[in-house]
Structures are given as structure tokens and as C-alpha cells.
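# Coordinate analysis (summary)
One-letter residues, chain by chain:
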Amino acid sequence: MPIEPSLVSSLTWFAHIARHRSFTKAATEMEITRAALSQHLKALEERLDVRLLHRTTRNMSLTEEGQQLLDVLQPALTAIERAVEELGEVHAEPSGVIRMNSSRIASRLLLEPHMGEFLARYPKLRLELVMDDGFSNLVANGLDAGIRLGESLDEHMVAVPITPPLEMAIVGSPAYFERHGLPQSPADLIRHNCLAYRFTSSGAIDHWTFAAPDSEGRKLVFEPQGNAVFNDDDSMLRAALQGVGLVRHIDLCVREHLDSGALVRVLAPWCRPFPGFFLYVPSRAQMPAKIRALMDFLVERREQLVSPRHPRVAAEDRRVKRRHGSRGRTVSGQ
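Read on for an overview of the structure.

Conventions and cut-offs
Residues numbered from 1 in each chain as written. Predicted model: local features only at pLDDT ≥ 70, side-chain atom pairs only at ≥ 80, totals over all residues. Heavy atoms only, no water. Axes fitted to C-alpha atoms, helices over the stretch in contact; angles between N-to-C directions. Helix = DSSP H or I, 4+ residues; strand = E, 2+ residues; numbered from the N terminus. Parallel < 35°, antiparallel > 145°, perpendicular 65-115°, else oblique. Contact = heavy atoms within 4.5 Å. Nonpolar A, V, L, I, M, F, W, Y, C, P; charged D, E, K, R; others polar. Core = buried A, V, L, I, M, F, W, Y, C linked by side-chain atoms within 4.5 Å. Buried < 20%, exposed > 50% of the residue type's maximum accessible area, 1.4 Å probe, protein only. Salt bridge = Lys/Arg side-chain N within 4 Å of Asp/Glu carboxyl O. Arc of directions from axis to C-beta. Polar contact = N/O pair within 3.5 Å; in protein donor to acceptor, adjacent residues only side chain to side chain. Pairing = 2+ DSSP bridges.

Orientation of helix 2 (residues 23-30) relative to helix 3 (residues 34-48), taken along the N-to-C sense of each, is 105°, at an axis distance of 9 Å. Taken together, the axes of helix 2 and helix 3 are roughly perpendicular relative to one another. Taking contact as the criterion, the partners of Phe23, Thr24, Ala26 and Ala27 in helix 2 are, on helix 3, Arg34, Leu37, Ser38 and Leu41. Looking at the contact of helix 2 with helix 3 residue by residue, the classes come out as five nonpolar, two polar and one charged.

Structural data, given as C-alpha cells:
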């Protein structure tokens, strides 16, 4: 049986009174008189033929029936309020603070180069970056969004790709290769000075994983045993540019040095594409305008990262888009 429109307003008044446990506080919030609010409640109780509140001159409490009604009303009204807010934000200018978590490498690659453009486009936004190389629970840490590699995200996370698929590139300087020669397979790396990266979060050394270019695609794992270990990718990269040894880094991060000839890539056929960086959020439901603005901006930047010099990566990116759609995965929240 359809509910009468007049009953909806009375139920809303009751929910406000019950939440505050006070006619005075509820009346102040709703900007009506205490007497008018009392009349609304009295009319509702008469309509339902049940007492909803115990009232004395000093105290107020819910009856069993009142608590039962509030338990149903409260989540319903909250959902309605959120839906109204979301509709109101559709054409609203994004504003407020975006607290987001990112690894250092993702920030340097994807956020810092474009931060000026993003904040100029949305002058009412304020960005707060929390650098953390470990995975962060957004809800528990009070964050709005995060950036991580796709392989580290739970399959039920709400996430969109903000880079094309990536590859790990083995690189060294021309001077280094003049002294030590070019490795033809991962087995040759035992004779090279391979510089290691240690994860800050776990303390583990990053192993170099390869996949054979033949049809079997067997995997090989190599532990770098060079004369230097880093926990900062920029420091590691500077050592490679100085000819200290070989490093393993994300291809996008070394593209500029490869284009200039400052670094040379080896073993490319042994390095397979993998899912790139994703922006992940707690939930797609009731997504604030500020988060939608950030998501759309980073997706725009993704298109600029596809290099025409790497057709295999571009083809893989097209396969990802067909599989997940242009906005990536939109499944359940965290």
C-alpha cells in the first residue's frame, strides 16, 4: 500500500526528535517552534495509534515501538539525504580537501607534474598528499582516494586505471655497457653490477622477475647482488645515470632518459606488460564532486602517457579498456 505524502513529513520530524532526544534541539536545528514540533509528533502518534516517546518535564526516551520505527527510518533517511546531496553536486564546483594516499613513485610520476594544472582548474580544492609505500585502508585512515599498482589492489576494490599497462625496464648508461657489454638474457646478469631496491614497508629486496619471450613464457626470478642498495627510486636512478650499474625501473619513469640516450634499455623481450597505476576510492556510491573531478583529470592524463614508440603497450592498453571499460573496474567498495 503506497505511503501517504503527509505521513512522510511526520516521520521525518519524529526521526529528528528521536535523534536529539530533545524537542528544543530538534526545533532549533529545523528552525521551527518547539510547540509546532510537539504537535507534529502528537499527530503522528494519533495516526499510528501508538506511543513513540516517553516524555517527562526533564527526560525523554523512546518506547519499544518508537525504537523499532527509528531503526527502520534512520538508514532510509540517511540514504535519501546522501542521494539529494549527490544530485546537488552534479553541477556544483568541486571544493574542499582531498586527502589521498600515494607511493612516492606514483606521486612523482602522476601527481606532481600536473598538480599546478589541477589546482588551477579547481581553485576551491585543496590537495593533501600522504606518502606511504605500503597499501593504505582508505576508510580506516580517513582518506578520500589512493593510487597503487593494479596488481596490489583487491579484486573488489573500486578503481580506475590512470596509466596504460606498464613494463619493468632494465636500464644502464652507455658508458656502463661499453665497459661490461650488453646482457642477452637474464642469465647474463650474474656478470653485471645490478643495483637493488629495498621496500620501505617490508624491508624486502625487490626481485627482478622475467618471462621468457617464447611461447611457454616460463618465469625467471633474479635477486640483484650489486654494490649498492636503495630505498628511494630517484637515488637509484641517479646511480644508473652515473654508470654505477644496472637498475630495474618502471618504463614510464625512464622514458625521458631513454629518449635522450642517457640510458639504454636491455632485455626488453623478457619484460611483459602488467596493470599500471590505478586510482582507488572507498565507494562509487555518492561519490563527491571533488573525487569525480580528480578521477576525470587523471584519466585525461592517462591518454597522454601512451607512447607511439611502444605499440605493444598501446595495444595492451586497448585490451584493458575493452575488458574494464574506459573508467576501469566499478565493483563493490572497500
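Back to the write-up after that little detour.
So, about the nonpolar core. Residues Ile147, Phe277 and Leu279 are the most contacted members of the largest nonpolar core, which totals 32 residues. Within the residue set of this core, elements represented by two or more residues are strand 3 (96-102), helix 5 (104-111), strand 5 (145-149), strand 6 (158-161), helix 9 (251-260), strand 14 (277-281) and helix 10 (289-305). Here this core takes seven residues from helix 10, the largest share from any one element. Listed in part, the 20 residues of the second largest apolar core include Leu37, Leu52, Leu73 and Leu77.

Tallying each qualifying case throughout the model produces 15 salt bridges. Measuring nitrogen to oxygen at the nearest pair gives 3.8 Å for the salt bridge that ties Glu117 to Arg301. Of this pair, Glu117 sits in helix 6 (residues 115-121) while Arg301 sits in helix 10; the two residues are 184 residues apart in sequence, bridging distant segments of the chain. Look at Arg301 and you get buried, because its relative accessible area is 7%. A single salt-bridge network, built from bridges that share partners, covers Arg104, Arg108, Asp232, Asp233 and Asp234.

For helix 8 (residues 233-241), the complete set of buried residues consists of Asp233, Met236, Leu237, Ala239 and Ala240. End-on view of helix 8: buried residues confined to an arc of 155°, all on one side of the axis. Considering only its buried residues, helix 8 is in contact with helix 5, strand 8 (196-197), strand 11 (229-230), strand 12 (247-250) and helix 9. Where helix 8 starts, the residue carrying a side-chain oxygen 3.2 Å from the main-chain nitrogen of Asp234 turns out to be Asp232. Immediately downstream of helix 8, the backbone of Gly243 shows phi near 85°, a positive value.

Bringing the side chain of Thr63 into the picture now. One can find Thr63 in the loop between strand 2 (60-62) and helix 4 (64-89). Using a relative accessible area of 5% as the deciding quantity, one classes Thr63 as buried. Of the polar contacts made by the side chain of Thr63, one reaches the backbone nitrogen of Gly66; its length is 3.0 Å. If near-sequence neighbours (up to four positions away) are discounted, Thr63 is found in contact with Arg51, Leu52, Leu53 and His54.

In this section: the sheet that holds strand 12. Taken together, three strands build an open sheet; the order of strands is 12-7-13 and the sheet is antiparallel. If you trace the sheet from one side to the other, it starts and ends with strand 12 and strand 13 (264-266), each paired once. Along the sheet, successive strands turn relative to each other by an average axial angle of 50°, direction set aside. Pairing of strand 7 (residues 168-172) with strand 13 involves three bridges; the strand directions are antiparallel. Across the sheet, Ile170 pairs through a bridge with Val266, a residue of strand 13.

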